[in-house]
Amino acid sequence: PFADKNPGAPTDAFREAANLAAAPMGGAGSYRIGQDGRVYMAAKSEHYHIPLGHNFPGYRLITRARQLGILNATHNNTRGYITRLAERRLVAAANGVAPESAELEALLSSQAPDILNRVTNLETGSLAVEAGIKMMLARFYRQDKTYSAPKYVGKTPVFLVMQDYTGGKEANYHGTTAIAQTFRGMWPDMYERLEAAGVYKVVPVAVNDLGDFEAKLRQYNQGLYKTAGFLHEIILMNYGGLRLSEAFLQQAYRLCHETDTPCLADEIQSCMWYPGMFLFRQYSLQPDIVIIGKGFPGGEYPASKVLATGAMDGLCQFGALVTNGQEELASLAYLITMQFASDNAGQIGHLGKFLEEELRKVQREFPDLVLRIEGEAHLSTLLFHDVERAAAFTKALNTAGIDISAQLYKADCPPAALLKVPVVAGEKELLRLTQHIRRVLSAMDGKEME
């Protein structure tokens, strides 16, 4: 163990939640060595941002780039070659075409309003989602006095988000900026005044309920109201890992396109854990805005992006501006991760399905403890029948050196244990993980394993 008595200087909330024994001292692949000298499996990829694990060899190219004298710091007006290359590769991947192909050149030069060919470089996912929200608000309010009246001036913008099981807003999570936090029920007093003044309104829609979605879309596209956008994750990793179905999303998108309601696919959680890098492509969706981060830079840098269509390209330069959003070495981390994911897409898909099926076997063995398996592939969750058993399960795994977390505080959401194993974890590692899970469940169920 590292004999360390340095507590830092955290806020009270962070001090209460701290687990310094597990703080990283080193690691490789799916494993981390904590300050307590123990080995931990990063079964939720730290906080969902190391798809290639710790100390991935490919990121040594970043060190070599520094040795070559490549600078990291730059600015929006001086975006470097590596950042510009990363933008092109992102457009290619988001549209499913080969890099540096004739199809990519046509996409980049297209003025069609429905093609994802605009990239905004930011730092955190919260800032990226905020930029997407501002793109939607720009159709209702002027950004500054130089702008003419927007398309829906005078209307109250209505944002559709995912609804929790009590009818509230806690199922959605789109970052930590003030506006995005009101979307999930935070700052209730401030939001009530904003809604009463007609500044904007947030309406939750039921999970996988097309009838509810259609009714609310109809209700808020008349009178003083206009739907400003539909914001969603595909796997609700902040609400039990519930998965939105392909049929629901495809039909919801169709209705949104018919009513001029932009769709924002928040892929901060899901990007880079599926073949093709983007989960929305597997669902055959056509979003107007896509938010990515976490997985793409592989934990090396804070670097998130907004991919948008020409129709949503309405922000001025200062509408979504950060000093460090265009870091060259962060863009290099993107390119390295993307190359690995592209070359190993088939294996990533196989391992994700392998893990999901193994977890489903576990659920069938312990139906009295585990209600069901939610999510999809690497982003899978175990939903328990009650909070007490979910908490006991998570604590037992953590004690065994398996780093997972439990979601026990959301309104009426089945208590969930969250998994997000790095895509570099092979079948033997995944079997070892599910074997640990079986041992814990057996002990909870009063059974002895052979």
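Residues numbered from 1 in each chain as written. Predicted model: local features only at pLDDT ≥ 70, side-chain atom pairs only at ≥ 80, totals over all residues. Heavy atoms only, no water.

Engineer: Explain the sheet that holds strand E12 (residues 305-309) to me, please; I cannot follow it from the model alone.
Structural biologist: The pairing of strands in a sheet comes from backbone hydrogen bonds and takes either a parallel or an antiparallel form. Strand order in the open sheet made by the 7 strands is E4-E12-E11-E10-E7-E5-E6, with mixed pairing throughout. Sheet topology places strand E4 (116-121) and strand E6 (201-205) at the edges, where each strand pairs with a single neighbour. Averaged over all neighbouring strand pairs, the angle between strand axes comes to 25 degrees, with direction disregarded. Inspection of the sheet shows E4 paired to E12 by 5 bridges, in the antiparallel sense. (Pairing = 2+ DSSP bridges. Helix = DSSP H or I, 4+ residues; strand = E, 2+ residues; numbered from the N terminus. Axes fitted to C-alpha atoms, helices over the stretch in contact; angles between N-to-C directions.)

Engineer: Explain the packing of aromatic side chains here, please?
Structural biologist: The geometry of an aromatic ring pair is captured by the separation of the ring centres together with the interplanar angle, meaning the angle of the planes. Per the counting criterion, the structure on display carries 15 aromatic pairs. Ring centres of Phe159 and Tyr200 lie 6.1 Å apart, and the angle between their planes is 80 degrees; on these two criteria the pair is classed as edge-to-face. Here Tyr200 lies in the loop between helix H8 (188-196) and E6 and Phe159 lies in strand E5 (residues 156-162), a separation of 41 residues in the sequence. Each member of the pair, Phe159 as well as Tyr200, carries the same accessibility label: buried. Considering the side-chain rings of Tyr165 and Tyr239, the 5.7 Å spacing of their centres and the 80 degrees angle between planes classify their relative orientation as edge-to-face. Here Tyr239 lies in the loop between strand E8 (235-236) and strand E9 (242-243) and Tyr165 lies in the loop between E5 and helix H7 (178-183), a separation of 74 residues in the sequence. Since its relative accessible area comes to 41%, Tyr165 is described here as partly exposed. Members of the aromatic cluster, joined through ring pairs, are Phe159, Phe183, Tyr191 and Tyr200. Note that Lys226 overlies the ring of Tyr152, its terminal NZ or CZ placed 5.2 Å from the centroid. (Phe/Tyr/Trp six-rings, centres within 6.5 Å; stacked < 30°, edge-to-face > 60°. Buried < 20%, exposed > 50% of the residue type's maximum accessible area, 1.4 Å probe, protein only. Lys NZ or Arg CZ within 6 Å of the ring centre and 35° of its normal.)

Engineer: Help me out: how do you make sense of the nonpolar core in this one?
Structural biologist: Soluble globular proteins tend to bury their nonpolar side chains together. Counting residues in each nonpolar core, the largest one holds 76 residues, and the members touching the most others are Phe213, Phe230, Phe278 and Phe296. Element by element, the count of residues in this core is highest for helix H12 (residues 328-343), at 9 residues. Residue contacts for Phe213: discarding those within four places in its chain leaves Leu160, Val205, Phe230, Phe248, Ala252, Leu255 and Cys256. (Core = buried A, V, L, I, M, F, W, Y, C linked by side-chain atoms within 4.5 Å. Contact = heavy atoms within 4.5 Å.)

Engineer: Explain the packing of helix H3 (residues 60-67) against H12 here, please?
Structural biologist: For any two helices packed against each other, one specifies the inter-axial angle together with the distance between the axes. The geometry of H3 relative to H12 is characterised by a closest axis approach of 9 Å and an angle of 145 degrees between their N-to-C directions. For the pair H3 and H12, the crossing hand works out as right-handed. Judged by residue contacts, Leu61, Ile62, Ala65 and Arg66 of H3 engage Leu329, Leu332, Ala333 and Ile336 from H12. Its residues assigned to classes, the contact of H3 with H12 comprises 7 nonpolar, no polar and 1 charged. (Left-handed = near helix turned anticlockwise from the far one by under 90°. Nonpolar A, V, L, I, M, F, W, Y, C, P; charged D, E, K, R; others polar.)

Engineer: Help me out: how do you make sense of the sheet that holds strand E1 (residues 24-28) in this one?
Structural biologist: Read across the open sheet, the 3 strands follow the order E1-E2-E3; overall the sheet is antiparallel. Single-partner strands in this sheet number two, and they are E1 and strand E3 (39-41). Looking at each pair of strands side by side, their axes are set apart by 30 degrees on average, direction ignored. Bridge count for E1 against strand E2 (residues 31-34) is 4 bridges, and the pairing is antiparallel. Looking at the pairing, Ala28 lines up with Tyr31 of E2.

Engineer: I keep staring at the state of the cysteines and nothing clicks. Help me out?
Structural biologist: A covalent bond bridging the sulfur atoms of two cysteines is what the word disulfide describes. If you walk through the whole model with that rule in mind, you get 0 disulfides. Free of any disulfide, Cys271 has its nearest cysteine sulfur in Cys263, 19 Å distant. (Disulfide = S-S within 2.5 Å.)

Any link to function would need more than the numbers given here.
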